[in-house]
Amino acid sequence: MNFDLLVYNIGQLILPRFTGNALKGEEMKQLAVRESAAFGVNDGKVAWIGSSTEAEGYNAKLKLDAEGKVVSPGLVDPHTHLVFGGSREHELALKQEGVPYLEILARGGGILSTVEATKNAALQDLVEKASFHLERMVSHGVTTMEAKSGYGLERETELKQLSVIHKLNEKYPISVVSTFLGPHAIPPAYKGKENEFLLEMLDVLEEIKEKKLADFADIFCETGVFTIDQSRVFLQKAKEKGFGLKIHADEIDPLGGAELASSLGAASADHLVAASDEGIRMLSESDTVAVLLPGTTFYLGKDQYARARKMIDEGAAVALATDFNPGSCVTENLQFIMSLAALKLKMTTEEIWNAVTVNAACAIGRGKEAGTLDVGRQADFVIWDVPNYKYIPYHYGVNHAKRVFVSGEMIWERIPFGEFQLSGAR
Ligand code: IZC
Ligand code: ZN
């Protein structure tokens, strides 16, 4: 056989299974790990998977020695607020004083301060700023991600954010799945007129549909933000317009977001820290993916994390994401989230790998394209500088990625110590 690229001497090749839907409950415990493996790539797609010994007899334009390390599909980050102006480091002191997240928002800070900064930023500046964060995500092994609007709360800025996401897809070979989160906070001028605001956001959604600027619609259903009834009406209308549904559900208070997501057939219900027993039961009986964001719980300094064990044990599909945003989770590092999932959510290493690959892809409607390596699939993969797949959640807070590939092309590589060149430096 002849390949464009042949990757051989892979210590462990991680092969999450895609069955047409996200893996649920017990299925999440299964993770195929092939030892001494190799695979070939042609035209950007996986053409063959086998043993490293077999690979010795095959030819390729480029042969890459994985040096006995771990190779996995590119990670998928299914919940990020990637595009925003400004930053909120000044809120750290408020957090230390014990001012709650929703209180900062109620004082006109939080999301609303990022809205101001995003309104004032030029499109090109937002592209550059988002690129900085996106490249950092890629350097940590992510090859498919989701990104939300929601720092405009009015037509022009929401469309500007979605245009940034569109431009990122043109600029980079990775996929950025786009979500409209117009109802992310109540603009001060609409206090008491939330329904009017939601109608305006639905008009914007109509325009987004015509311009094909988003695949999903999302809403922040939370005390002091949007009620469960308002969320139901908004999501129902978005569904009628043909959008996939997501919901910021039960992050702080158990409002019934998990129940709503499952009953509407949402692609995902996200956060779920306070999800009720009934909400978890309904999720496990539906195809809605529970996207858990333990980095946010950690950053908000909470003791109670989402009940991942109960969710998986009852048969729900769980995925993990960073929730990267300038307020409640300021990290691009999905590997750190994997460690939190092990330590705080008590997920097994196999469940964690499925949660950042196949299930994360399903949560953003990309199960057929991303999250697994299989013959015929796009060759998006990561070579990890670790001795085995259990090592990543264990050794926390650092970057274990060595090389990141999309469609069989290397898009990022860690520079070996001492090999950098500063052109023009004296
Ligand atoms: O900017 O605070 N939770 N939305 C809902 C966020 C966090 C993002 C932010
Ligand atoms: Zn979020």
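Basis of the calculations
- Along each chain, residues carry numbers from 1 onward, in the same order as the chain's sequence is written.
- The naming scheme follows written order: chains are lettered A onward, ligands numbered 1 onward.
- Selection of residues for local features in this predicted model requires a pLDDT of at least 70, selection of side-chain atom pairs for listing and counting requires 80 or more, and totals for whole chains, interfaces and linings are taken over all residues.
- Only hydrogens and water are set aside; all other atoms, that is, all heavy atoms of the structure, feed into the side-chain values.
- UniProt positions are given in the numbering used here, feature names are shortened, and annotations may be inferred rather than shown by experiment.
- A helix here means a DSSP run of H or I that spans at least four residues, while a strand means a run of E at least two residues long, and both kinds are numbered starting from the N terminus.
- Here's how the labels work: a residue is buried when its accessible area is under 20% of the maximum for its type, exposed when over 50%, partly exposed in between, all with a 1.4 Å probe on protein chains only.
- Proximity is defined per residue: any heavy atom of the residue falling within 4 Å of a molecule or strand makes that residue near it.
- By the criterion applied in these results, polar contacts are pairs of N or O atoms within 3.5 Å in which, for protein atoms, one can donate a hydrogen and the other can accept it, and in which residues neighboring in sequence qualify only through two side-chain atoms.
- Only the protein chains shown count as cover for residues, and all accessible areas are computed by the Shrake-Rupley method using a 1.4 Å probe.
- Just so you know the grouping, Ala, Val, Leu, Ile, Met, Phe, Trp, Tyr, Cys and Pro go in nonpolar, Asp, Glu, Lys and Arg go in charged, and all remaining residues, Gly too, go in polar.
- Here, axes are lines fitted to C-alpha atoms. For helices the fit covers the stretch in contact, and angles between N-to-C directions go from 0 to 180 degrees.
- Relative orientations are named as follows: roughly parallel for angles under 35 degrees, roughly antiparallel for angles over 145 degrees, roughly perpendicular for angles from 65 to 115 degrees, and oblique for any other angle.
- Crossing chirality is assigned from the near helix's rotation relative to the far helix, an anticlockwise turn below a right angle marking it left-handed and a clockwise turn marking it right-handed.
- Two residues qualify as a contact provided that any one of their heavy atoms is within 4.5 Å of a heavy atom in the partner residue.
- Should DSSP find at least two bridges between two strands, the strands are taken to pair.
- Coordination here is defined by N, O and S atoms within 2.8 Å of the metal (3.2 Å for Na, K and Ca), and since water is not considered, a site can look incomplete.

Colleague: Would you take a moment to explain the UniProt feature "domain: Amidohydrolase-related" (unreviewed entry) in the protein chain for this structure?
Modeller: In the numbering used here, UniProt assigns the feature "domain: Amidohydrolase-related" (unreviewed entry) to residues 70–409. Summarising residues 70–409: 42% helix, 15% strand, and an end-to-end C-alpha distance of 18 Å.

Colleague: I'm lost on unusual backbone geometry in this one. Help?
Modeller: Trans is the common state for peptide bonds, and a negative phi is the common state for residues other than glycine. Even without glycine at this site, Asn 9 takes up a positive phi of about 55°. The topology assignment puts Asn 9 in strand S1 (residues 2–15). Judged by its relative accessible area of 32%, Asn 9 falls in the partly exposed class. You will see that Lys 346, though not glycine, has its phi angle at about 60°, which is positive. Note that Lys 346 resides in the loop between helix H13 (334–343) and helix H14 (349–355). Judged by relative accessible area, which is 54%, Lys 346 ranks as exposed.

Colleague: Got a minute to help me understand the site of ligand 1 in this structure?
Modeller: Close contacts around ligand 1 come from His 81, Arg 88, Tyr 101, Ile 111, Tyr 151, His 184, Phe 220, His 248, Glu 251, Asn 325 and Ser 328, and that covers them all. Tyr 151 is positioned with one of its side-chain polar atoms (N or O) 2.6 Å from an oxygen atom of ligand 1. In this structure, a nitrogen atom belonging to ligand 1 sits 2.7 Å away from a side-chain N or O atom of His 184. Here ligand 1 has 260 Å² of accessible area as a free molecule, and 100% of this is covered by the chains. Tallied by class, residues from the shell around ligand 1 come to 4 nonpolar, 5 polar and 2 charged.

Colleague: Sorry if this is basic, but what is going on with the packing of helix H8 (residues 228–240) against helix H9 (residues 257–264) here?
Modeller: The description of two helices packed together rests on the angle between their axes and the distance between the axes. The N-to-C vectors of H8 and H9 enclose an angle of 20°; their axes lie 11 Å apart at closest approach. Taken together, H8 and H9 sit at an angle that is classed as roughly parallel. Taken as a pair, H8 and H9 cross one another with a handedness that is right-handed. Packed against H8, whose contacting residues are Ile 228, Ser 231, Arg 232, Leu 235, Gln 236 and Lys 239, the element H9 presents Gly 257, Leu 260 and Leu 264 at the interface. Taken together, the residues that form the contact of H8 with H9 break down as 4 nonpolar, 3 polar and 2 charged.

Colleague: Explanation requested: the pairing of strand S14 (residues 381–384) in the structure shown.
Modeller: Regular strands place side chains that alternate from one sheet face to the opposite one. Alternating positions in S14 separate into two faces, Phe 381 and Ile 383 on one and Val 382 and Trp 384 on the other, with burial throughout. The pairing of strand S5 (residues 70–73) with S14 spans 4 bridges and is classified as antiparallel. In the strand pairing of S14, Ser 72 is matched with Val 382. Note: S14 against strand S15 (residues 401–406), 4 bridges, orientation antiparallel. By the bridge assignment, Phe 381 is partnered in S15 with Phe 405.

Colleague: Where do I start with the coordination of the zinc ion (ligand 2) in this structure?
Modeller: Under perfect tetrahedral coordination by four donors, a metal shows angles of 109.5 degrees; under perfect octahedral coordination by six donors, it shows angles of 90 or 180 degrees. Surrounding the zinc ion (ligand 2) are the protein donor atoms His 79 (NE2), His 81 (NE2), His 248 (NE2) and Asp 323 (OD), which sit 2.0 to 2.7 Å from the metal. Of note, the zinc ion (ligand 2) draws all its donor residues from one chain, in the sequence arrangement H-x1-H-x166-H-x74-D. One end of the pair, His 248, is in strand S10 (residues 244–249); the other, Asp 323, is in the loop between strand S13 (317–320) and H13, with 75 residues separating them in the sequence. Asp 323 shares its class with His 248; the two are buried.

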